[in-house]
Protein chains: 4
Amino acid sequence: MAPPEYLVKIDLAKPAWEQEGVHNRWHPDVPAYKKIEQNKSYKIECFDWTGGQVGNNDSAHDIKYCDLTRIHYLSGPFFVEGCDAGDILKVKIQDVQPLERQPWGYCGIFAKENGGGFLDKHYPKAAKAIFDFEGIYCTSRHIPDVKFPGICHPGIIGTLPSAKILNEWNRRESKLVAENPDADFIMANLPTPQGAYAGLHASEDLKCIVGKHGARTIPGRPENGGNCDIKALTRGSTVYLPSHMDGGMLSVGDLHFSQGDGEISFCGAIEMAGCITIEVSVMKNGIEKLNMKSPMYLPSNLAPKFGADRYITFEGFSVDESGEQLCLDTTVAYRQTCLRVIEYLRRYGYNDYQIYLLLSSAPIEGNIAGIVDVPNSCTTIGLPKDIFNFDISPENDVEKKDRGNCAFSEDDLKEGFSLTDELPNFLLECLKK
Amino acid sequence: MAPPEYLVKIDLAKPAWEQEGVHNRWHPDVPAYKKIEQNKSYKIECFDWTGGQVGNNDSAHDIKYCDLTRIHYLSGPFFVEGCDAGDILKVKIQDVQPLERQPWGYCGIFAKENGGGFLDKHYPKAAKAIFDFEGIYCTSRHIPDVKFPGICHPGIIGTLPSAKILNEWNRRESKLVAENPDADFIMANLPTPQGAYAGLHASEDLKCIVGKHGARTIPGRPENGGNCDIKALTRGSTVYLPSHMDGGMLSVGDLHFSQGDGEISFCGAIEMAGCITIEVSVMKNGIEKLNMKSPMYLPSNLAPKFGADRYITFEGFSVDESGEQLCLDTTVAYRQTCLRVIEYLRRYGYNDYQIYLLLSSAPIEGNIAGIVDVPNSCTTIGLPKDIFNFDISPENDVEKKDRGNCAFSEDDLKEGFSLTDELPNFLLECLKK
Amino acid sequence: MAPPEYLVKIDLAKPAWEQEGVHNRWHPDVPAYKKIEQNKSYKIECFDWTGGQVGNNDSAHDIKYCDLTRIHYLSGPFFVEGCDAGDILKVKIQDVQPLERQPWGYCGIFAKENGGGFLDKHYPKAAKAIFDFEGIYCTSRHIPDVKFPGICHPGIIGTLPSAKILNEWNRRESKLVAENPDADFIMANLPTPQGAYAGLHASEDLKCIVGKHGARTIPGRPENGGNCDIKALTRGSTVYLPSHMDGGMLSVGDLHFSQGDGEISFCGAIEMAGCITIEVSVMKNGIEKLNMKSPMYLPSNLAPKFGADRYITFEGFSVDESGEQLCLDTTVAYRQTCLRVIEYLRRYGYNDYQIYLLLSSAPIEGNIAGIVDVPNSCTTIGLPKDIFNFDISPENDVEKKDRGNCAFSEDDLKEGFSLTDELPNFLLECLKK
Amino acid sequence: MAPPEYLVKIDLAKPAWEQEGVHNRWHPDVPAYKKIEQNKSYKIECFDWTGGQVGNNDSAHDIKYCDLTRIHYLSGPFFVEGCDAGDILKVKIQDVQPLERQPWGYCGIFAKENGGGFLDKHYPKAAKAIFDFEGIYCTSRHIPDVKFPGICHPGIIGTLPSAKILNEWNRRESKLVAENPDADFIMANLPTPQGAYAGLHASEDLKCIVGKHGARTIPGRPENGGNCDIKALTRGSTVYLPSHMDGGMLSVGDLHFSQGDGEISFCGAIEMAGCITIEVSVMKNGIEKLNMKSPMYLPSNLAPKFGADRYITFEGFSVDESGEQLCLDTTVAYRQTCLRVIEYLRRYGYNDYQIYLLLSSAPIEGNIAGIVDVPNSCTTIGLPKDIFNFDISPENDVEKKDRGNCAFSEDDLKEGFSLTDELPNFLLECLKK
């Protein structure tokens, strides 16, 4: 048997938007890049989610000024032989690996005014950590004393929408934006021609159409999956994706070396360029057969498993930072849970931005606990003890020591942060240096 | 060594509210029932959460008319020697067992107008399933072809609040209710003397005070834990609870034989009377040491573990049933995920109420996936395949067959449900019989 | 549903050999004690393996002089309705618990001249450790700083042999003894009337027959299972046993709270009186269907699971203590592996007898590694780090401290051990006191 | 950070014995190939164990005539800076991968007269199965309907012996051979100049010395580890190896894509050429500190984990095929266990050689059960159900169907096997074709 065929090979020395086999909008007219056969293994190289905008250095400048219209250069779309609209693509994820020629990745916190993140009210500045890959492990010079194996997975895997579905997306997301004119953050990223990429060989007309109407890649959506950021979609898992077009039109990208549940800092995984190996088959008429309204998957037994008792688990409730009681607001509960972990780890000398990056990128477990006992939702975060090279058990004495720093943007450091009460002390100190 | 001492023994033949060693409100003045020593094992019997209001029969009448002011007869409070306010109680949960003399439990769906539940807009009627315990397994005549081991745990474990904390609870929860006068459901259960129980020997004055101001037990709260419904608090786990009073004043109850993440039907676990074995120690000045604002725990390695690849996992997004786009509403996302599972299992012949009960009581895994990709939150539910005695894998042929029915209330069946479009067909058929 | 029926209740205050529902020989004529129905749960109380010869005290006198003809009072035999010879009994082990009225067990090292054990050349004296049960955990005052959850299981579960099978057992085991007249240890325990017990109501004739010909219970045997000491037969597992008689004639006993692979000290588990809950069904003509020549089982997902990376694993090879090379002798390899662990743990201040007891009773994992690379077999033992309340990782500094002592017999301590070079120093010190 | 440096790159187009960086004997004078630094990641390519003698084809000719003096071309030895004799090398196995340029491996059964295997009395002929790698999974055209993920590991990792140790090896292994002149199989492979390889640049004198005295690589040995075939030494594990020389002198090779406990067919793993990533550190004076007499390791949490309840486990006892009772012979017990699995799987249409290959190469779990109940040792094999694409549960109906065949040697097929009673029928049929 010959080795699996490569469907896409990428050139890290050239911009993503000059290469073939990738696109960055969901639109039914994006042309198929290649045909693939069922039940055959293929390898697909993928860009990191920014298409190479972020460098292996000690500044978060590139994160701060990252162009969010030029992201998610997905490999594909692939036309699966024998697949029609109404079928289901069953995609077996056989492997996900970093590129041998680029053995590093990064985790970023986006500035509140450029993408933001789950805790952006508290931590509004851009920041970054570089992770080096050593075999299946990673370490970061920006978050010392931490090491863990990757649960590599694609952040994005999905199918092209039909015209009808695309219209529905644009309707409901525009409505949300329209009804919230005073929102202090971007509630949804609507279509924009800026930065849109329909593939190397797209005609001017097609570019225009895809740019104007093509759905942005940032949210995952029930109809096609997409940007779900589910760490369980790791090597060995199988994902079931609805097909809305002839050929299914599968695209994949945004590979992560590792990620915590929630991917809370937004660029929150360890983002990497890499290679995914997949095998696809088709379940005829599967959408109807399975009553499928959103993707499902079979998890893998291959993910690294810390012992069930090797976590410290934190609880958070839907009472917000100001003591305001929310009613069953699980998002607020999860935010509280994140803050509890930050408060806990801060004791060891990490600063809050470092912990925020760590929570985003390490394999933390985020669970729903209670969601019915009015007015409090309760969520939990399990923090694996064994990613630290010191013992973080509650009983242990705490050694608060210098744990270095993550990368910030020179502009922020220069001009002085617009400091608020929420800002951590270390930033003040950073600025004084 | 002598066997562990029993701190509380309950009499199943008498009402809970005539027995000593239990109380059902959180108030600093509830008197300690007994003193306990550190680092010593104790056994504590606990009532089921309704104090015996629900019977082993085939009617949901008792659920429909359950008196929600007379619930959560917690065993305790226990005064831990050597514990002061500001310390942390470290409670090792050494075992949780059903009572040998009552080897069954129940899962209930509360009527929308009496407690409700996570899916009460869809399933507004009361329903019930009885589970029989066979060793560590359970089965239900009301949900046939299902069997699973229990991850037994206390639904409630917490400490008495200080007066200051109690005031804060009453302030913020009253404010929520006051600010939402038009809510179509009860947003918070405020203090009420009705059904309040401060212990068998409480004076009239004390009863009055506890009734008027004592916090209700329905929500868990960050300050003392309480009703967190975390299935991970099973035998072998250790929970860290803040102490706000001399002696810590620990109470525990609402034992569950099993529960799914979210406990979605509200009375959603397999509720049981049982016995918990605990050992307590004190971390002096622990609240400050750990920066603790809400409880944390160390999970156990003793819970039943289905293989990592023995789940089917469903995804749900923050687009609601009507197609409305919500912005990062994780509660809506989790509701969608629940509905996806119901739609999937319905194919086998279970009716929606049965599945709703099953999702509540079986060890489903509810996880946060993505929580930053505006506007969609994404949550997942892992449904263990091995709890069914048939194969529910997506590839398998579906045999839709008669799977019996759960219990309803005669009143509902008699008068005819107030049917709405959302109501499942089977109810129509029930009524016709 | 009524609670499961008790098939056997034992009286701890009376000798086992005066009670009904138990027997201690394998013979086809032992009368059925009770009939049981298929697919129904039953509870069965069982004696500890010595029928109460061993006490909760600090002397190993009872171990030293234990009467090995009066052991293994198995509960049963039970006649399974609908079962014939040639069928298979499928026994679901639904629970195994200690008796609430006797929350302790023991692990013993038998003297070389009375039963011996896997390392009896090195450790020829009787010794004992008492374990106290605290919920699902145990601790021992004789092996301090150790605590672990039990993987409770029956040491013995089997079916009565047919006359033909019994004859074959007696033939092959007698042959082994006859051909090794100079063996310095007992190679097989042949039938003896001494201590034989065929049940309370057995006639004199039957007693005589069973005593003369009934197979001893010490070895497990392929034809009926019996004394297999497989810790995986814990709650939640299912064992398939061949039936050689009408009714299958199932017996069970020798319950263990916990055990390491190999049960190396012979009385090597934490032996306890307890209660097992089972449910039996019959696979008609199963022996032929499954080509079954020895029992098989489906393990459980309910056993405590230390994290896969929470073990230290030791390797042993078939080169014996004197440097002699054996050819693929896996028994010698496993003995070497045991010795490696003893050498490692000795550094912390435990004496060798304590470690020997610990290896026998704690959930160590004993695996076959290589068994084909002449001349060395290689076996491994995984020692769970988390059973110790200090960190035994190789990198850690070793604190050698007083770890107390296990129990010995007064007779040994008085007369002075017959010391040899292999004997550990601590014994010398014991004697000097 | 630069990608890890490659210490060895191999050329698959040239014989192993013409390449640098490899050797195939254990001898203190084998010169260090390269120096390595502590705490730094390196990549090392390794030949398959036969150095390329086996091809991807449908004949076992290459297995039958494999030259066993020309095997185990280990990569190394590597001189670890800062390491002396008496220290311990702590080798972190960070990754093990097949070569992208050769995505296949093989499992072989060696002929009884050329290497043999654990069941060679039953299955004396050479046979082979080729496995193709698809991501982290493998399948074999020679054993259809089977698929599983690899637990990749080095079959051999060890250190050069000191002269004293080498002498001891030669003494004890020669003694074994000398004392068993009539053995009907090779009990130990003693040194031979034939096929010896001391590295590309070895002088004639050195070649001569290493050939004459250098220890063969077939057995693992307690003093240096070597050929232990422990599947737990997979990515993420850490192995502790004693250093007997300046620099430790580490060598590694014989990579396996997967292997069952025991590696029973001798060439029993899925043998592959591949690449291992390691990081080494030194524990000064470690041998004395740890009382180390043989290697130990910390297993990984990264190996594929079938659910604990997804195995069928078979029991085997020390009663041999002819009904002869052995006394605590664990090797015989394990052989019986293997035969029980073969008998079970034969029902599905696989022939015995296919199953023998499968047992060797798939991740079966081989455990010691009881090793003290004279006269029977009891061992178990856990066979994972989920490697089959059909359900092998005992309850299921058995579909016996054509499962193809493994590869044999033309010579055997031509001349007719020297058939014996033990030989399976399919071979007769093979010969008739």
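As the structure is a computational prediction, the values presented were derived from the model and not from experiment. (Residues numbered from 1 in each chain as written. Chains lettered and ligands numbered in written order. Predicted model: local features only at pLDDT ≥ 70, side-chain atom pairs only at ≥ 80, totals over all residues. Heavy atoms only, no water.)

A closer look at the interface of chain D and chain C
Line of reasoning, step 1. Taken together, the contacts link 84 residues of chain D with 83 residues of chain C.
Line of reasoning, step 2. Of the roughly 7000 Å² buried between chain D and chain C, counting both surfaces, carbon and sulfur atoms make up 57%.
Line of reasoning, step 3. The interface formed by chain D and chain C contains 6 salt bridges.
Line of reasoning, step 4. Glu324(D) is paired through a salt bridge with Lys175(C); the nearest N and O atoms lie 2.6 Å apart.
Line of reasoning, step 5. The tally of links between chain D and chain C comes to 42 residue pairs in polar contact (both at pLDDT 80 or more).
Line of reasoning, step 6. Mapped by element, the contributors of at least two residues to the side of chain D that touches chain C are α2 (163-179), β12 (220-221), β18 (296-298), β19 (311-317), α5 (330-346), β20 (365-368) and β21 (378-384) of chain D.
Line of reasoning, step 7. If you tally residues by element for the side of chain D that touches chain C, the top one is α2(D), at 7 residues.
Line of reasoning, step 8. By residue class, the composition of the side of chain D that touches chain C is 40 nonpolar, 20 polar and 24 charged.
Line of reasoning, step 9. One ladder, built from 2 bridges, connects strand β18 (residues 296-298) of chain C with β19(D); its direction is antiparallel. (Contact = heavy atoms within 4.5 Å. Buried area = accessible area lost by both parts, 1.4 Å probe. Salt bridge = Lys/Arg side-chain N within 4 Å of Asp/Glu carboxyl O. Polar contact = N/O pair within 3.5 Å; in protein donor to acceptor, adjacent residues only side chain to side chain. Helix = DSSP H or I, 4+ residues; strand = E, 2+ residues; numbered from the N terminus. Nonpolar A, V, L, I, M, F, W, Y, C, P; charged D, E, K, R; others polar. Pairing = 2+ DSSP bridges.)

Topic: the relation of the copies chain D and chain C
Line of reasoning, step 1. Between the two copies, chain D and chain C, the superposition gives an RMSD of 0.0 Å; the rotation angle is 180 degrees and the shift along the axis is 0.0 Å. Those values place the two copies in the arrangement expected of a two-fold rotation axis. For chain D, the residue whose C-alpha comes nearest the rotation axis is Asn367(D), separated from it by 2.2 Å.
Line of reasoning, step 2. Same-surface contact between copies: 99% of interface residues of chain D are shared with the interface of chain C. (Least-squares fit on C-alpha atoms with pLDDT ≥ 70 in both.)

Quick notes on helix α3 (residues 204-213) of chain C
Residue and element names in this part refer to chain C.
Line of reasoning, step 1. Those residues of α3 lying buried are Leu 206, Val 210 and Gly 211. Axial view of α3: buried residues confined to an arc of 125 degrees, hence all on one face. Of the exposed residues in α3, the ones pointing more than 90 degrees away from its buried face are Glu 204, Asp 205 and Lys 212. (Buried < 20%, exposed > 50% of the residue type's maximum accessible area, 1.4 Å probe, protein only. Arc of directions from axis to C-beta.)

Some remarks on the pattern of salt bridges
Oppositely charged side chains can pair when the atoms bearing their charge come close.
Line of reasoning, step 1. Overall, the coordinates contain 120 salt bridges over all chains when judged by the stated rule.
Line of reasoning, step 2. Asp412(A) is paired through a salt bridge with Lys64(A); the nearest N and O atoms lie 2.9 Å apart. Here Lys64(A) lies in helix α1 (residues 61-64) and Asp412(A) lies in helix α7 (residues 410-415), a separation of 348 residues in the sequence. Here Asp412(A) and Lys64(A) have matching classes, each one buried.
Line of reasoning, step 3. When the shortest N-O distance is used, the salt bridge between Glu100(C) and Lys43(B) registers 3.7 Å. Within this pair, whereas Glu100(C) is found in the loop between β6 (88-98) and β7 (104-109), its partner Lys43(B) is found in strand β4 (residues 41-46), the two belonging to separate chains.

As for the packing of helix α5 (residues 330-345) of chain B against helix α6 (residues 352-361) of chain B
Residue and element names in this part refer to chain B.
Line of reasoning, step 1. Following both chains from N to C, one finds α5 and α6 inclined at 125 degrees, their axes separated by 10 Å at the closest point. Between α5 and α6, the crossing angle belongs to the class labelled oblique. In this structure, α5 meets α6 at a crossing whose hand is right-handed. Contacts between α5 and α6 involve Cys 338, Val 341, Ile 342 and Leu 345 from the first element and Asp 352, Ile 355, Leu 358 and Leu 359 from the second.
Line of reasoning, step 2. Broken down by class, the residue content of the contact of α5 with α6 amounts to 7 nonpolar, no polar and 1 charged. (Axes fitted to C-alpha atoms, helices over the stretch in contact; angles between N-to-C directions. Parallel < 35°, antiparallel > 145°, perpendicular 65-115°, else oblique. Left-handed = near helix turned anticlockwise from the far one by under 90°.)

A few points about the relation of the copies chain B and chain C
Line of reasoning, step 1. Superposition record for chain B on chain C: RMSD 0.0 Å, screw rotation 180 degrees, translation along axis 0.0 Å.
Line of reasoning, step 2. Most of the interface of chain B is mirrored in chain C: 100% of its interface residues are interface residues there too.

Remarks on the domain arrangement of chain A
As a measure of interface size, the accessible area lost when the parts come together is often cited.
Residue and element names in this part refer to chain A.
Line of reasoning, step 1. On domain assignment, one finds that chain A holds domain 1 (5-298) and domain 2 (311-432).
Line of reasoning, step 2. Between domain 1 and domain 2, the C-alpha centre-to-centre distance is 26 Å.
Line of reasoning, step 3. Counting from both sides, the interface comprises 42 residues of domain 1 and, opposite them, 44 residues of domain 2.
Line of reasoning, step 4. Summing both partners gives a buried area of about 3500 Å² for domain 1 against domain 2, and 60% of it is carried by carbon and sulfur.
Line of reasoning, step 5. Of all residues in domain 1, Tyr 123, Lys 125 and Asp 145 bury the most surface against domain 2, accounting for 21% of the area lost on that side.
Line of reasoning, step 6. Put simply, domain 1 and domain 2 have 4 salt bridges between them.
Line of reasoning, step 7. A salt bridge links Lys 231 to Glu 365, with the nearest nitrogen and oxygen atoms 3.1 Å apart.
Line of reasoning, step 8. Between domain 1 and domain 2 we count 28 residue pairs in polar contact (both at pLDDT 80 or more) in total.
Line of reasoning, step 9. With 4 residues, strand β8 (residues 127-134) is the largest single contributor of residues to the side of domain 1 that touches domain 2.
Line of reasoning, step 10. Across the side of domain 1 that touches domain 2, the residue classes tally to 20 nonpolar, 12 polar and 10 charged. (Domains from an automatic or database assignment.)

Topic: the pairing of strand β5 (residues 74-80) of chain C
Residue and element names in this part refer to chain C.
Line of reasoning, step 1. Among the 7 residues in β5, 6 count as buried, and that is most of the element.
Line of reasoning, step 2. As judged from the 3 bridges shared by strand β3 (residues 34-36) and β5, these two strands associate in the parallel manner. Within the sheet, the bridge partner assigned to Ile 36 lies in β5 and is Val 80.
Line of reasoning, step 3. Judged from the 2 bridges that link them, β5 and strand β15 (residues 250-256) form a sheet pairing that is antiparallel. Of the residues in β15, the one forming a bridge with Phe 78 is Leu 250.

Re the interface of chain B and chain C
Line of reasoning, step 1. Taken together, the contacts link 30 residues of chain B with 30 residues of chain C.
Line of reasoning, step 2. Note on chain B versus chain C: buried area summed over both sides is about 2500 Å², and carbon and sulfur give 52% of it.
Line of reasoning, step 3. The tally of links between chain B and chain C comes to 4 salt bridges.
Line of reasoning, step 4. Note that Lys147(B) is salt-bridged to Glu279(C), the shortest N-O span being 3.9 Å.
Line of reasoning, step 5. The interface formed by chain B and chain C includes 10 residue pairs in polar contact (both at pLDDT 80 or more).
Line of reasoning, step 6. Among the elements that make up the side of chain B that touches chain C, the one with the highest residue count is strand β6 (residues 88-98) of chain B (4 residues).
Line of reasoning, step 7. Here the side of chain B that touches chain C is built from residues that sort into 12 nonpolar, 8 polar and 10 charged.

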